[in-house]
Amino acid sequence: MTVAPQRGPLLGCVADDYTGGTDVAAALRRAGLRTALLFGRPEADTPPPECDAVVVALKTRTAPVAEAVSASLAVREWLAGHGVPRVYVKYCSTFDSTDEGNIGPIVDAVLDAAGTVQTVVCPAAPEHGRTVYQGHLFVGDRLLSQSPMRHHPLTPMTDPDLVAVLSRQTPHPVGLLPLRTVRRGGAAVRAALDELGRRGVRHVVADATCDEDLTALAAGTAHLPVVTGAAGLARAVGHLLPGAGAVEREETPPLSRGPGIVLSGSCSAATLGQVEHARKVFPSYRLAPDGAPDELAAGVRAWLDAHAGRGPVMVYSSAAPGERGDARAGEVLEQALAEAARHAVGLGVRRIVVAGGETSGAVVRGLGIGSVIVTGEADRGVPWCLTTGEPRLALLLKSGNFGRDDLFVRAMEETE
Ligand SMILES: Nc1ncnc2c1ncn2[C@@H]1O[C@H](COP(=O)(O)OP(=O)(O)O)[C@@H](O)[C@H]1O
Ligand SMILES: O=C(O)[C@@H](O)C(=O)COP(=O)(O)O
C-alpha cells in the first residue's frame, strides 16, 4: 500500500488582528484551500495543522511597534522552521495604521528575516468596495480619508495616498505599480517589479480595482517569498497554489447549537447599523464608556445572570463618534466584553458573535481559544468558526465594516 506523502502548508499568513484572521481564512477557504486558523503565536515546536494554508491571527495592529514586530517575526520564524515556503502579511483593507506603524515596521522585519528585498503592498478588496487607484485607497466611491475610517477610535485614516502613508512608516523607498501595468497581466507585473527593484524600491504599492487585477498581481508576484495585502489579494494568491479546490470536496462539521450572545465593541459604521437592528430584536445591554472596570464587569455579569441562556442577547459598547469615551475607555471596554464572554459561557452560551477586530482579540484571548476550524460565511468575509477545544463554541468574529444590517439577528437564527 502506498501512503500519500504528508504535505505541510504552502502558504502561511500572519494577520494583524483576529477578524482580519477570520476574513483572510475565509478568503483562502473560498480559493478552495484547506485552511487552519490559529490565534496568537504558536509554540516553536508545535507543528502546523495538516492543511494547505495556515493563518495566524495576532493582536498587533495597535500594539507598540516593538511588540508588534517581535510577535510577527516569531510567527515568520515558526512558519519557516516548519518549512512553509511563503508568507502573506495581512493588514486591514482600510490600511489601519498610524505614522509609527505597524504595517511598515512589520513588513520590513518580515522581509529582512526572509532574506528578501521587495514586496507588493495592496489592500484592495473589491468585493468590499476597497480599491486602489494611482496609489490612493477608496472605500466605495469615497477616498479613504472621506470614509468613516477618518473617525476610527484607534487608527483614524486621514490620508488616502498609500505611498505617502507607508513612506512615513518605513525608511525604505516606496514606489507605485500603476493600473495600466497591472492590466497588462502577470508577466508585465513581474517585469515592472524587477525594474523597480533595480532602482531600489522595496515596497511596491499596487493599484487594483477588480478581482482580475488581483489575479494579475498574484501571478506577477508568485516569485516573491513575502506578499502583503488584505483578503482580496490573499484569495488570488491562494487560487494559484497547488491544493486549490480541495475544500469543495471536504465536509465541514456542524456548528454548535445552544444559547447565543452578540458582543459588540466595534464603532465602525456597518456595526452601528447592525447594533441598531439587533437592539430592536434582542434584550440588549449597553456598556457605558466612562464606567470603572470593576463596575462594568459586575454590571454586565448581573445583567447576563438575568437574561442570558434563554434567547439571544447582546452586550455592546459600540457608539458613534460624539458618544464615545477616550482611548483608555477602549481598553476597559474590551476587557468588559471579554468578561461578558467568559461569564456567558459559564451560563451555557455556546454561540458567540463578536464585532470588531480589537474586541475579538480581547474576547478570544479572554476565552483562551487557541485555534478554530473555519466553516461557511454568514456574510462575505465573516465565516463561522468552530473552536477545537472544549466547550465547543461557534464563533463569528466580524470585521467592523463587514456584514449586512441584519447580520447579528441572522447569525443568531442560523445556528438555533
Ligand atoms: N463607546 C466607546 N468609547 C470609546 N472606545 C470604544 C467604545 N466602544 C468601543 N470602543 C473601543 O474602540 C475600539 C474598536 O476597535 P475594534 O474592536 O477593532 O472595532 P472597529 O475597528 O470596527 O471599530 C476597541 O478598542 C473598543 O474597545
Ligand atoms: O481587511 C479587512 O477589512 C478586515 O479583515 C479587517 O482587518 C477589519 O478590521 P476591524 O474593522 O478592526 O474588524
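Predicted, not measured: the structure shown is a model, and the values here were computed from it.

Colleague: Break down the nonpolar core for me, citing the residues and quoting the values.
Modeller: Counting 106 residues, the largest nonpolar core has Phe95, Leu217, Leu233 and Leu304 as the members making the most contacts within it. Top element by residues in this core is helix α11 (residues 327-346). It accounts for nine residues. Not counting chain neighbours up to four residues away, the residues in contact with Phe95 comprise Ile103, Val121, Pro123, Leu137, Met157, Leu162, Val165 and Leu166.

Colleague: Explain the packing of aromatic side chains to me, using residue names and the numbers behind them.
Modeller: Inspection of the entire model under this criterion finds three aromatic pairs. Ring plane angle 25 degrees and centroid distance 4.9 Å describe the contact between Tyr18 and Phe39, whose orientation is recorded as stacked. Pair noted here: Tyr18 is in helix α1 (residues 18-30) and Phe39 is in strand β2 (residues 35-39), with a separation of 21 residues, a long-range link. For Phe39, a relative accessible area of 8% gives the class buried.

Colleague: Would you mind going over the sheet that holds strand β7 (residues 136-139) in detail, with residue names and values included?
Modeller: Reading across from one edge, β6-β7-β8 is the order of the three strands in this open sheet, with antiparallel pairing throughout. A strand with exactly one partner marks an edge of an open sheet, and here the two such strands are β6 (130-133) and β8 (142-143). Sheet topology places β7 next to β8; two bridges connect them, and they run antiparallel. When the sheet's bridge partners are listed, Phe138 is paired in β8 with Leu143.

Colleague: Residues and numbers for the layout of surface pockets, please.
Modeller: Here the largest pocket is characterised by a volume of approximately 630 Å³. Counting residues per element, the lining of the largest pocket draws most heavily on α11, which supplies six residues. Within the lining of the largest pocket, the residues separate by chemical class into 13 nonpolar, 19 polar and 11 charged. Its volume calculated, the second largest pocket comes out at about 420 Å³. Forming the walls of the second largest pocket are 20 residues, and the residues nearest its centre are Lys59, Ala63, Glu67, Glu358 and Arg365. Sorting the residues of the lining of the second largest pocket by element identifies α2 (65-81), α11 and α12 (357-367) as the ones contributing at least two each. In terms of residue count, α11 provides more of the lining of the second largest pocket than any other element does, five residues in total. Class assignment of the residues belonging to the lining of the second largest pocket gives a composition of eight nonpolar, five polar and seven charged.

Colleague: Which residues make up the site of ligand 2, and what are the values?
Modeller: Taken together, 14 residues form the shell around ligand 2, and within it Thr19, Asp23, Arg61, Ser93 and Gly400 come nearest. The contact in question runs from an oxygen atom of ligand 2 to an N or O atom on the side chain of Arg61, over 2.7 Å. Considered on its own, ligand 2 offers 350 Å² of accessible surface; in the complex 94% of this is hidden by protein. Placement of ligand 2 is best described as lying within the largest pocket. Counting residues per element, the shell around ligand 2 draws most heavily on α1, at three residues. Residue composition of the shell around ligand 2, by class: three nonpolar, seven polar and four charged.

Colleague: Can you lay out helix α7 (residues 211-220) for me, pointing to particular residues and giving the numbers?
Modeller: Helical geometry: 3.6 residues make up each α-helical turn, so side chains three or four residues apart lie on a common side. Those residues of α7 that sit buried are Asp213, Leu214, Ala216, Leu217, Ala218 and Gly220. The inward-facing, buried residues of α7 contact β5 (119-122), β9 (174-177), α5 (179-182), α6 (186-198), β10 (203-206) and α8 (231-239).

Colleague: Can you explain the pattern of salt bridges? Please cite residues and give values.
Modeller: Summed over the entire model, instances satisfying the criterion amount to 25 salt bridges. Taking the shortest distance from any N to any O, the salt bridge between Arg199 and Glu195 comes out at 3.5 Å. Looking at Glu195, the relative accessible area reads 33%, which means it is partly exposed. Residues participating in the shared-partner salt-bridge network are Asp16, Asp17, Arg61 and Asp96.

Colleague: Kindly report on the UniProt feature "domain: Four-carbon acid sugar kinase nucleotide binding" (unreviewed entry) in the chain, identifying the contributing residues and their values.
Modeller: Sites flagged by UniProt as "domain: Four-carbon acid sugar kinase nucleotide binding" (unreviewed entry) map to residues 262-408. With 40% helix and 24% strand, residues 262-408 has end C-alpha atoms that lie 7 Å from one another.

Colleague: Quick rundown of the pairing of strand β17 (residues 382-387)? Include the residues and the values.
Modeller: Of all six residues that make up β17, six are buried, and the element is covered over most of its length. Here β17 shows two buried faces, one formed by Val382, Trp384 and Leu386 and the other by Pro383, Cys385 and Thr387. Examined bridge by bridge, strand β16 (residues 371-379) and β17 share five bridges and lie antiparallel to one another. Note on β17: the bridge partner recorded for Ile373 is Leu386. Linking β16 back to β17 in an antiparallel pair, the connection comprises two residues, with Gly381 at a positive phi of about 85 degrees. When β17 meets strand β18 (residues 394-398), the two strands line up antiparallel, connected through three bridges. Following the sheet pairing, Cys385 is matched in β18 by Leu395.

The rules we used
Residues numbered from 1 in each chain as written. Chains lettered and ligands numbered in written order. Predicted model: local features only at pLDDT ≥ 70, side-chain atom pairs only at ≥ 80, totals over all residues. Heavy atoms only, no water. Core = buried A, V, L, I, M, F, W, Y, C linked by side-chain atoms within 4.5 Å. Buried < 20%, exposed > 50% of the residue type's maximum accessible area, 1.4 Å probe, protein only. Helix = DSSP H or I, 4+ residues; strand = E, 2+ residues; numbered from the N terminus. Contact = heavy atoms within 4.5 Å. Phe/Tyr/Trp six-rings, centres within 6.5 Å; stacked < 30°, edge-to-face > 60°. Pairing = 2+ DSSP bridges. 1 Å grid on protein atoms, 1.4 Å probe; cavity = no way out; pocket = protein on both sides within 12 Å on 5 of 7 lines; lining within 4 Å. Points joined across faces, edges and corners; volume = space filled by probe spheres on them. Nonpolar A, V, L, I, M, F, W, Y, C, P; charged D, E, K, R; others polar. Near = heavy atom within 4 Å. Polar contact = N/O pair within 3.5 Å; in protein donor to acceptor, adjacent residues only side chain to side chain. Areas by Shrake-Rupley, 256 points an atom, 1.4 Å probe, with all protein chains shown as cover. Sits in = over half its atoms within 2 Å of the grid points. Salt bridge = Lys/Arg side-chain N within 4 Å of Asp/Glu carboxyl O. UniProt positions renumbered as here; feature names shortened; annotations may be inferred.

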